[in-house]
Amino acid sequence: MNPFEALRAAICATPGIRCDTWYLFADPNIIRFFGEGLRETITLSIASVVLSFVVGLLFALGRLSRRPWIHWPATLYIETIRALPVLLLIVYFGIKGTALFRPIAEPFVGEDFELSRFWAGVLGLSLYTSAVLAEIIRAGIAALPKGQTEAAFALGLDYVKAMRYVILPQALRLMVPAMMGQLTTVIKDTSLVATIGVFELVRQGRVIYTQYFNPLEVFLYIAVIYFVICFALSQASRRLEIRAPVEAKMKMKIEEVRLRDQVA
Amino acid sequence: MPGAIILEFPDLYLNGLSLTLQVSLLGSIGALLIGTFVALLRISPVAPLRWIGVAFVEFFRNTPLLVQLFFLFLGLGALGFRFWSTNTFETIFRAAAVGMALYHGAYVAEVVRGGLLGIDRGQVEAARSLGLSYVQTLRYVQLPQTFRTVIPPLGNIGIALIKNTSLASTIGVAELLQAAEIVESRTFRTEEAFGAVILLYLTLTIPASIGVNWLERKLLIAR
């Protein structure tokens, strides 16, 4: 026996390591099965990021507003949501989502309206991510020199036009690396949606290991899939960051958000 | 009144709170120890040690905590490793605490490394030329200065850790979120059951974030 075979035999003799199930991870059907989970993970992430960006932008502008009845509700929303675990929000929407949206959706969909698990997950994730993105966007806008706003107003632009044509195009460009960093967090966070029964990567993995009793192999396999995606994205974000250095104060805020709101 | 349901199920909520605090506390201590150790690996003059440090940080930061917890509990459980306990509750509790420590340890490592690299080279050179060894320089010159600058970011990681203990519910630790789910399934009073837990989480995380912001300002002025 050559040393590789001996090593393999020793590994496979360990109870709990299921060499007899290793062929699964090269089996086209199983790969397709995990592929479906991955597709769900990616759709969840994209839907959540898009929704969170829109909501987050509104709340960022709300928090920057000088009118107290806009500023304080926006601040309260952002700070409360950021202080809560995202899993709590997801579980809550998983249980209560249908009842919450029934009054709005019933006239359009009819009696048997039911919020799908997918959208319950997207809402739970977006509620949280919108508050986080609001803080990143706010930091980006605050990092622009004050002269930009003043010049826009002096040229006769109103608030909406100044935001639309002067402030946001510059601020959003500053935020691209931070946003990409947040995307990796959202991808990791989608794993939590498995708890309310969306068949994304982790849940698909559960189906496999309850059938073949090989949790060790399955979770390693899933971890590697997540790693490849998230590592690539975070490297890309880091590279962009180096190319576009930002102001120290904005960097501090983004660092704070990155550490405090880095979940799962 | 919001939170009144706590008085109806005091054992569930208080046990939940106690478990959340225990996992947070053990997780933070573990994360601090692991993070400091890995940061030292990452700035080590020995290249293979640096590679181990990088691999640790990148692996734990780029995989979901949920998958790590499942791996620690179910994956290692299949190997027969039960965290030196025959009691299943004890095993999942320890798996959760270790998971928190490893995941957040990777973030701590990055922060501590940043702090160590932020120290002026002259400090290290001065210490070495005074005859201090590599370890002594770390112990008496670099680490004390680092911990001062890294306290606010470490506080932020601590807040994230408190929130992330909710993930322990997925492997069966009866912490706050689990308590809410149990009460909800018994009473179907969803708003009250979750409202109480939201209040409890807020009483943990909001004072913590006010404290961190205060420290951040204070240390910024002192510098």
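Residues numbered from 1 in each chain as written. Chains lettered and ligands numbered in written order. Predicted model: local features only at pLDDT ≥ 70, side-chain atom pairs only at ≥ 80, totals over all residues.

Trainee: Is there a simple way to explain the overall build of chain A in this structure?
Mentor: Scanning chain A for helices and strands turns up 10 helices and 0 strands. By principal-axis analysis of the C-alpha atoms, chain A measures approximately 80 × 55 × 30 Å. Looking at chain A as a whole, 39% of its 264 residues qualify as buried. Long-range pairs, those at least 24 residues apart, make up 79% of the contacts in chain A between residues at least 6 apart in sequence. (Helix = DSSP H or I, 4+ residues; strand = E, 2+ residues; numbered from the N terminus. Buried ≥ 20, exposed ≤ 12 C-beta atoms within 10 Å, placed from the backbone. Contact = placed C-beta atoms within 7 Å.)

Trainee: Explain the overall build of chain B to me, please; I cannot follow it from the model alone.
Mentor: When helices and strands are tallied, chain B shows 9 helices and 0 strands. The order of helices and strands in chain B, counted from the N terminus, is α-α-α-α-α-α-α-α-α. Expressed along its principal axes, the backbone C-alpha trace of chain B runs to roughly 70 × 50 × 25 Å. Out of the 223 residues in chain B, the part that is buried amounts to 48%.

Trainee: Whenever I open this one, the interface of chain A and chain B confuses me. Can you help?
Mentor: Note: interface size is frequently given as the accessible area lost on complex formation between the parts. Each partner contributes residues to the interface: chain A has 36 residues there, and chain B has 38 residues. At the level of secondary structure, the elements contributing two or more residues to the side of chain A that touches chain B comprise α4 (86-109), α9 (215-243) and α10 (248-260) of chain A. Ranked by residue count, the leading element in the side of chain A that touches chain B is α9 of chain A, at 11 residues. Its residues placed into classes, the side of chain A that touches chain B shows 24 nonpolar, 6 polar and 6 charged. (Nonpolar A, V, L, I, M, F, W, Y, C, P; charged D, E, K, R; others polar.)

Trainee: Would you mind going over helix α3 (residues 68-82) of chain A with me for this structure?
Mentor: For the α-helix, the turn length of 3.6 residues means that residues three or four positions removed from each other point alike. Residue and element names in this part refer to chain A. Taking 1.5 Å as the rise per residue, α3 with 15 residues should run 21 Å; its terminal C-alpha atoms sit 21 Å apart, in good agreement. The set of residues buried in α3 consists of Ala74, Ile78 and Arg82. Buried residues of α3 fall within an arc of 55° about the axis and therefore sit on the same side. Facing away from the buried side of α3 by more than 90 degrees, the exposed set consists of Pro68, Trp69 and Leu76. Buried residues along α3 sit against α2 (28-64) and α5 (117-143). (Expected span 1.5 Å × (residues − 1). Arc of directions from axis to C-beta.)

Trainee: Could you clarify how one ought to interpret unusual backbone geometry in this entry?
Mentor: Across the chain, the bulk of peptide bonds are trans and the bulk of non-glycine residues have phi less than zero. Although it is not a glycine, phenylalanine 213 of chain A sits at a positive phi angle of roughly 55°. Positionally, phenylalanine 213 of chain A belongs in the loop between α8 (201-212) and α9.

Trainee: I keep staring at the nonpolar core and nothing clicks. Help me out?
Mentor: Counting residues in each nonpolar core, the largest one holds 124 residues, and the members touching the most others are Leu89, Ile90 and Ile136 of chain A together with Val67, Leu69, Ala96 and Val197 of chain B. Looking at this core element by element, the count peaks at 17 residues for helix α5 (residues 88-118) of chain B. (Core = buried A, V, L, I, M, F, W, Y, C linked by C-beta atoms within 7 Å.)

Trainee: It is not clear to me how the packing of helix α3 (residues 47-61) of chain B against α5 of chain B should be interpreted in this structure. Could you clarify?
Mentor: When two helices pack together, their arrangement is captured by the angle between the axes and the distance separating the axes. All names here are of chain B. Between α3 and α5, the least distance of the axes is 8 Å, while the angle of their chain directions is 125°. In terms of axis orientation, α3 runs oblique to α5. Every pair of crossing elements has a handedness; the one defined by α3 and α5 is left-handed. Along its contact with α3, which presents Phe56, Val57, Phe60 and Arg61, the element α5 presents Leu102, Tyr103, Ala106, Tyr107, Ala109 and Glu110. A class-by-class count of the residues in the contact of α3 with α5 yields 8 nonpolar, no polar and 2 charged. (Axes fitted to C-alpha atoms, helices over the stretch in contact; angles between N-to-C directions. Parallel < 35°, antiparallel > 145°, perpendicular 65-115°, else oblique. Left-handed = near helix turned anticlockwise from the far one by under 90°.)

Trainee: Looking at this structure, how should I read the packing of α4 of chain A against helix α8 (residues 176-187) of chain B?
Mentor: Where α4 of chain A contacts α8 of chain B, the two axes come as close as 11 Å, and the packing angle between them is 15°. If you check the angle between α4 of chain A and α8 of chain B, you find them roughly parallel. Handedness of the crossing formed by α4 of chain A with α8 of chain B: right-handed. Between α4 of chain A and α8 of chain B, the residues in contact are Leu87, Leu88, Val91 and Ile95 of chain A and Leu177, Glu181 and Glu184 of chain B, respectively. Counted by class, the contact of α4 of chain A with α8 of chain B contains 5 nonpolar, no polar and 2 charged residues.

Trainee: Honestly, the environment of leucine 19 of chain B in this entry has me stumped. Any pointers?
Mentor: Residues and elements named next belong to chain B. For leucine 19, the position within the fold is in helix α2 (residues 10-42). C-alpha of leucine 19 to C-alpha of arginine 139: the two residues are 120 residues apart in sequence and 34 Å apart in space. The residues contacting leucine 19, other than those within four sequence positions of it, are Val173, Ala174 and Glu175.

Trainee: What should I look at first to understand the confidence of the model for chain B in this one?
Mentor: Low pLDDT marks stretches whose predicted atomic positions should not be read closely. Taken over all residues, the pLDDT of chain B has a mean of 92, while the share at 70 or more is 98%. With pTM at 0.92, the complex prediction returns an ipTM value of 0.91. (pLDDT = per-residue confidence, 0-100.)

Trainee: Would you mind showing me how to read α3 of chain B here?
Mentor: Residues and elements named next belong to chain B. With 15 residues, α3 should reach 21 Å at 1.5 Å per residue; the first-to-last C-alpha distance of 21 Å fits that figure. Where α3 is concerned, the buried positions are Gly53, Phe56, Val57, Phe60 and Arg61. Take α3 and look down its axis: the buried residues cluster within an arc of 110°, on one side only. Across α3 from its buried face, at more than 90 degrees, point the exposed residues Ala47, Pro48 and Ala55.

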